[in-house]
Amino acid sequence: MPFSAQELDNIGQAVMEYKQNVPNVTAQTLQDKPLLAKMRDNTKEFPGGKDNITVRVKGVYSTTIQGFEHDDAVTYGNPANLKTATYPWKLIHSGISFTMHELLKAGISISDSATGKGETRHSENEKIVLVDLLEDKVDDMMEGTDRGMNEMFWRDGTQDAKQVPGLLSFILDDPTTATVVGGIDQSVNTWWRNRASLAIASSDASLQGLVARLQKEFRQLRRYGGRPDLFLAGSDFIEWMEKELRSKGNYTLEGWTSKGKTDAGMADISFKGLQVQYDPTLDDLSKSKYGYVLDTKHIFPKVVQGENAKKHTPARPENKYVFYRAQTWVGGLVCDQRNCHGVYSIA
């Protein structure tokens, strides 16, 4: 016999639906951020200053040798080849706000009503809370900060004059143009150029065009002391490398038959011992066909001492019960050598 309307109403009053992972939230759009992770690992400090971070660079050496006999006259040079690369430092903010009212509805009280510190979860609040509201807001700020910093470190700074110019301001698709990078004209100073090879043929994988080009390029990236330690690529770039390897029957243990099953998978690709890492941000920036080979000893963030991910709890306005949490980062991105980095793309 089916339930009566009265029985169904009674069940609805007595039973709460099963809520999985209460009070957690299952994130749906988190992505790896390998460039951001490397930049944070390589962060260096500086004491502050007027407007810019400067580094001295040199690519020309004018002293040479001279043969002589007996009382031959010899010459002396006075080298004057130093140049200054200049990079701006910026103040970066991320923050959230929340009200006393919405927290109380979620079973949370604030003990310090001036700054919003000292939150307390009420006893038995699990009976009303499906998501920890304050934790979710803080999590939103942290992930939002990571996304913003990651995009800033990738982009060239033209998206916002108040943000730090990122990787694409140093690693140019055409390093031969009359472009000033860090205050130095790359068209005049040939040593102040990154490596670049774009639109590499990708119509016949058996020709191994991409792998052959990278083989040649790695010698040039190491020519002046560079030691590439980070290889980031978009999805199409990696897929084409996989096709070139498969075209020659290059498989790994991950593709061998095991326990009666044939694994068609392929191990992650490395080149010269350097893992080719997929960076989803390149797909987001419409650069899925690009790969960047970097020496992160020569590209790194510099932050003002004590200002790296600094936490703030600003005082609330006297006439509103609104609380604030914030985080700031103050610094810049520095490149002190360009000819040890390269950008590559397939057609």
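In case you missed it, the structure is sitting above this.
Residues numbered from 1 in each chain as written. Predicted model: local features only at pLDDT ≥ 70, side-chain atom pairs only at ≥ 80, totals over all residues. Heavy atoms only, no water.

**Comments concerning unusual backbone geometry**
Peptide bonds are trans in most cases, and residues, glycine excluded, mostly fall at negative phi.
Stage number 1. Residue glutamine 208 is not a glycine yet carries a positive backbone phi of 55°.
Stage number 2. Residue placement: glutamine 208 occurs in the loop between strand 9 (195-200) and helix 5 (209-221).
Stage number 3. Its relative accessible area of 18% is what places glutamine 208 among the buried residues.
Stage number 4. Although it is not a glycine, alanine 309 sits at a positive phi angle of roughly 55°.
Stage number 5. Along the chain, the position of alanine 309 falls in the loop between strand 16 (299-304) and strand 17 (310-312). (Helix = DSSP H or I, 4+ residues; strand = E, 2+ residues; numbered from the N terminus. Buried < 20%, exposed > 50% of the residue type's maximum accessible area, 1.4 Å probe, protein only.)

**Notes on a negative patch on the surface**
Stage number 1. A cluster of acidic side chains, namely Glu135, Asp136, Asp139 and Asp140, defines a negative patch on the protein surface.
Stage number 2. For aspartate 136, the position within the fold is in helix 4 (residues 133-154). (Patch = residues over 30% accessible without salt bridge, like charges linked within 9 Å, V, L, I, M, F, W, Y side chains within 5 Å. Areas by Shrake-Rupley, 256 points an atom, 1.4 Å probe, with all protein chains shown as cover. Salt bridge = Lys/Arg side-chain N within 4 Å of Asp/Glu carboxyl O. Lys, Arg positive; Asp, Glu negative; His and termini not counted. Charge placed at Lys NZ, Arg CZ, Asp CG, Glu CD.)

**Regarding the pattern of salt bridges**
Stage number 1. This structure, assessed with the given rule, holds 11 salt bridges.
Stage number 2. In this structure, the salt-bridge partner of lysine 38 is aspartate 229, at a minimum N-O distance of 3.9 Å. Residue lysine 38 is located in helix 2 (residues 34-41), and its partner aspartate 229 is located in the loop between helix 5 and strand 10 (230-233); the two are separated by 191 residues in the primary sequence.
Stage number 3. You can call lysine 38 partly exposed: its relative accessible area is 24%.
Stage number 4. Two residues, lysine 287 and aspartate 173, come together in a salt bridge whose shortest N-O distance is 3.9 Å. Residue lysine 287 is located in the loop between helix 7 (280-284) and strand 15 (290-294), and its partner aspartate 173 is located in the loop between helix 4 and strand 7 (180-181); the two are separated by 114 residues in the primary sequence.
Stage number 5. Residue lysine 287 is classed as buried on the basis of its relative accessible area of 14%.

Everything listed here is a matter of coordinates, which is why it stays silent on function.
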